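# Structural characterization, general
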Amino acid sequence: MTGSPVWHPFTQHGLQEPIPQVISASGAHIHCADGRTLLDGISSWWVITHGHCEPRIAAAIADQAGRLDQLIFAGYTHAPAEQLARSLVRLTPTGLTRVFYSDSGSTAVEVALKMALGHWHNRGEPRHRIVVMEHSYHGDTIGTMSVGERGAFNRAYAPLLFDVATVPFPLAGQEQATLDALERLCAGPEKPAAFIVEPLVLGSGGMLFYGPHLLAEMVRICRAHDVLFIADEVMTGWGRTGGLFAFDQVDVSPDILCLAKGLTGGAIPLAVTMASDRIFDSHYSPDRADMFFHSSSFTANPIACAAANANIAIWDEGGVTDRIDALGAALDAGLARLSRDSRFANPRRMGAIAAVDLIVPDAGYLSTVAPRLRAHFLEHGLLLRPLGNTIYAMPPYCTTAAQVDHIFATIGEAAGIVAG
Ligand SMILES: *Cc1c(COP(=O)(O)O)cnc(C)c1O
């Protein structure tokens with residue numbers, strides 16, 4: 001063994017790409033051991049919302065760590081979890097009245113799938129089919145890979161992934177095909193247990209956007225056929241699409257909602273799966289066999305819940321959406337600069353997410369251009385991590401217009417690197 005024993009995620013160590021050591025972070029910046037400062041253009045993988053080391057969140061963590069660090073959550077409870085659950089019920093779409101805690105986006109989705117299957121099982125009409133959308137990403141565990149796009153990410157595990165039914169991604173102008181496919185599957189002979197989807201933005205699938213009208217229609221179709229609608233807002237939640245949640249743009253609610261990433265402002269892992277009374281009620285009975293069989297050691301960790309409560313206090317104070325709007329305007333200005341450059345295609349923005357596709361011969365996640373782009377960005381003091389040939393910025397909300405300008409100037413120069 002040479003060098004560090006650490007095995008990094010989504011990293012090909014055989015390529016010998018540099019792995020900067022980071023010692024601290026503040027606002028939109030991370031500070032490296034070698035003295036460099038990098039602008040965190042992707043919010044440290046989509047989790048940091050307000051900024052790194054947000055003082056109120058850091059203080060809440062420190063305070064809680066000195067009082068109650070961890071508690072078994074089967075049969076016990078604590079104030080940070082109770083307060084957070086009430087806040088979440090208040091802030092999320094109407095009808096989501098139950099809050100189940102876990103630790104990551106993947107576990108939040110696993111819990112959602114198990115809740116949906118448990119619901120039908122306990123009602124005595126078992127259903128096992130899950131409907132998904134093409135190009136979706138819901139996590140990296142076996143269950144969440146099963147409901148995600150099949151490809152390079154999970155080829156080695158394909159035989160163990162369960163079968164799902166897939167509706168096409170709603171490309172602009174072809175939305176009806178998606179709705180028709182969903183309608184057909186919901187009305188078909190094998191009644192689905194649930195439809196799971198990332199509302200408005202498919203993140204890992206390449207920052208693919210679709211409109212609120214379509215989201216609302218998909219909910220209506222599921223409702224009409226009594227198929228549960230699972231909204232995976234692990235990425236879209238906490239302001240990324242402009243409002244607090246993507247579902248704020250429609251007047252319907254999902255049956256189950258998954259939140260993680262920005263739930264604590266990104267400071268510490270925590271996730272929730274929220275459900276309607278109906279799903280809770282199908283698990284509510286005097287029979288222990290009907291309980292919801294899921295737990296993880298750190299369910300509702302008090303320190304993480306305290307961080308989430310501090311995050312919500314910041315949202316409640318107001319001003320966050322103004323900062324997102326200002327950031328959105330800066331992102332638009334950056335995209336406008338690239339829209340005049342024929343080496344880029346599909347400049348797009350929703351809320352605090354901006355993306356553009358670099359035209360390359362080998363498009364796709366394993367496009368050889370991605371590592372070269374990462375190196376170029378690093379050289380220019382930028383943490384960006386393109387999805388194949390899709391370059392996107394998803395910075396924390398404290399990022400200034402000047403910083404956004406630097407991001408897009410550097411993206412603009414990237415096209416030359418690739419051509420050369
Ligand atoms: C990141 C992500 C997940 C997985 O979350 P982890 O915390 O990384 O397990 C699930 N769904 C979506 C939409 C995501 O973007």
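Below you will find a few notes about this structure. (Residues numbered from 1 in each chain as written. Predicted model: local features only at pLDDT ≥ 70, side-chain atom pairs only at ≥ 80, totals over all residues. Heavy atoms only, no water.)

### Points about empty space enclosed by the protein
A water-sized probe, rolled over the atoms, reveals where empty space remains. A complete count under the given rule lists 1 cavity of 30 Å³ or more for this structure. There is about 60 Å³ of room inside the largest cavity. In terms of lining, the largest cavity is formed by Ser136, Tyr137, His138, Gly139, Asp140, Thr144, Met145, Gly148, Glu149, Phe153 and Asn154. Per-class residue counts for the lining of the largest cavity are 3 nonpolar, 6 polar and 2 charged. (1 Å grid on protein atoms, 1.4 Å probe; cavity = no way out; pocket = protein on both sides within 12 Å on 5 of 7 lines; lining within 4 Å. Points joined across faces, edges and corners; volume = space filled by probe spheres on them. Nonpolar A, V, L, I, M, F, W, Y, C, P; charged D, E, K, R; others polar.)

### Details of the sheet that holds strand β4 (residues 96-102)
Two strands in a sheet stick together by hydrogen bonds in their backbones, pointing the same way (parallel) or opposite ways (antiparallel). Here 7 strands make up an open sheet; going across it, the order is β4-β12-β11-β10-β7-β5-β6 and the pairing mixed. In the strand order of this sheet, the two ends are held by β4 and β6 (165-167), each with one partner. The sheet shows a mean angle of 20° between the axes of neighbouring strands, direction not considered. Note that β4 and strand β12 (residues 271-276) share 6 bridges and pair antiparallel. Across the sheet, residue arginine 98 finds its bridge partner in β12, namely alanine 275. The strands touched by helix α4 (residues 105-122) within the sheet are β4, β5 (129-133), β7 (192-197), β10 (228-232), β11 (256-259) and β12, with β12 carrying the most contacts at an inclination of about 25°. On top of the sheet, helix α6 (residues 175-187) reaches β5, β6 and β7; it is set at about 155° to β6, its chief contact. (Pairing = 2+ DSSP bridges. Helix = DSSP H or I, 4+ residues; strand = E, 2+ residues; numbered from the N terminus. Axes fitted to C-alpha atoms, helices over the stretch in contact; angles between N-to-C directions. Contact = heavy atoms within 4.5 Å.)

### Description of the site of the ligand
Every residue near the ligand is listed here: Trp46, Ser104, Gly105, Ser106, Tyr137, His138, Gly139, Glu198, Asp232, Val234, Met235 and Lys261. Side-chain polar atom of serine 106 to an oxygen atom of the ligand: 2.8 Å apart, as the coordinates give it. In isolation the ligand exposes 380 Å². Once the protein is present, 83% of that is buried. Looking at the shell around the ligand, its residues break down into 4 nonpolar, 5 polar and 3 charged. (Near = heavy atom within 4 Å. Polar contact = N/O pair within 3.5 Å; in protein donor to acceptor, adjacent residues only side chain to side chain. Areas by Shrake-Rupley, 256 points an atom, 1.4 Å probe, with all protein chains shown as cover.)

### Comments concerning the layout of surface pockets
Looking at the largest pocket, its volume works out to about 1,600 Å³. Ranked by the residues each element gives to the lining of the largest pocket, the list is headed by helix α11 (residues 369-379), at 5 residues. Looking at the lining of the largest pocket, its residues break down into 29 nonpolar, 12 polar and 5 charged. Both domain 1 (13-40 + 319-419) and domain 2 (58-316) contribute no fewer than three residues apiece to the lining of the largest pocket. Along the wall of the second largest pocket there are 33 residues; nearest its centre are Phe73, Val99, Phe100, Phe280 and Phe292. (Domains from an automatic or database assignment.)

### What to know about α6
Between its terminal C-alpha atoms α6 stretches 19 Å, which fits the 18 Å expected from 13 residues at 1.5 Å a residue. Of the positions making up α6, those classed as buried are Thr178, Leu179, Ala181, Leu182, Leu185 and Cys186. Projection of α6 onto a plane perpendicular to its axis shows the buried side chains occupying an angular sector of 160°, all on one side. The inward-facing, buried residues of α6 contact β5, β6, β7 and α7 (212-224). (Expected span 1.5 Å × (residues − 1). Buried < 20%, exposed > 50% of the residue type's maximum accessible area, 1.4 Å probe, protein only. Arc of directions from axis to C-beta.)

### Observations regarding the pairing of strand β1 (residues 22-26)
For β1 and strand β2 (residues 29-32), the ladder comprises 4 bridges, and the chain directions are antiparallel. Note on β2: the bridge partner recorded for alanine 25 is isoleucine 30. The loop that links β1 with its antiparallel partner β2 comprises 2 residues; one of these, glycine 27, has a positive phi angle of about 55°.

### A look at a nonpolar patch on the surface
The grouping of Ile142, Tyr157 and Leu160 at the surface amounts to a nonpolar patch, some 320 Å² of accessible area in total. For isoleucine 142, the position within the fold is in helix α5 (residues 142-146). Given the relative accessible area of 41%, isoleucine 142 is considered partly exposed. (Patch = residues over 30% accessible without salt bridge, like charges linked within 9 Å, V, L, I, M, F, W, Y side chains within 5 Å. Salt bridge = Lys/Arg side-chain N within 4 Å of Asp/Glu carboxyl O.)

### What to know about the side chain of threonine 399
Structurally, threonine 399 is set in the loop between β16 (390-393) and α12 (401-419). For threonine 399, a relative accessible area of 7% corresponds to the buried category. Of the polar contacts made by the side chain of threonine 399, one reaches the backbone oxygen of proline 396; its length is 2.6 Å. Every residue in contact with threonine 399, bar those within four places of it in the chain, is listed here: Ala28, Leu327 and Val404.

### Brief notes about the nonpolar core
By size, the foremost hydrophobic cluster in this structure holds 98 residues, and its most contacted members are Met207, Met218, Phe229, Phe408 and Ile411. The element that contributes the greatest number of residues to this core is helix α9 (residues 302-317), accounting for 8 residues. Two domains share this core, each providing at least three of its residues, namely domain 1 (13-40 + 319-419) and domain 2 (58-316). Leave out the neighbours within four places in its chain, and phenylalanine 408 touches Leu331, Gly334, Leu335, Arg337, Leu338, Ala354 and Ala393. (Core = buried A, V, L, I, M, F, W, Y, C linked by side-chain atoms within 4.5 Å.)

### Brief notes about the packing of aromatic side chains
What the rule picks out here adds up to 11 aromatic pairs. Ring centres 6.4 Å apart and planes at 55° place the aromatic pair tyrosine 137 and phenylalanine 153 in the tilted group. Separated by 16 residues along the polypeptide, tyrosine 137 in the loop between β5 and α5 and phenylalanine 153 in the loop between α5 and β6 bring together distant segments of the chain. Look at phenylalanine 280 and tyrosine 284: their rings are 5.8 Å apart centre to centre, the planes differ by 40°, and that puts the pair in the tilted class. Cluster of aromatic residues (ring-pair linked, three or more members): Phe10, Trp45, Tyr137 and Phe153. Its guanidinium or amino end placed over the ring of phenylalanine 280, arginine 98 lies 3.8 Å from that ring's centre, counting from NZ or CZ. Directly above the aromatic system of tryptophan 120 lies the positively charged group of arginine 127, at a separation of 3.5 Å from the ring centroid. (Phe/Tyr/Trp six-rings, centres within 6.5 Å; stacked < 30°, edge-to-face > 60°. Lys NZ or Arg CZ within 6 Å of the ring centre and 35° of its normal.)

### Here's the deal with the pattern of salt bridges
Pairing is possible between side chains of opposite charge, provided their charged atoms come close. Counting across every chain of the model gives 19 salt bridges. With a closest N to O distance of 2.7 Å, aspartate 226 and arginine 278 form a salt bridge. Residue aspartate 226 is located in the loop between α7 and β10, and its partner arginine 278 is located in helix α8 (residues 277-281); the two are separated by 52 residues in the primary sequence.

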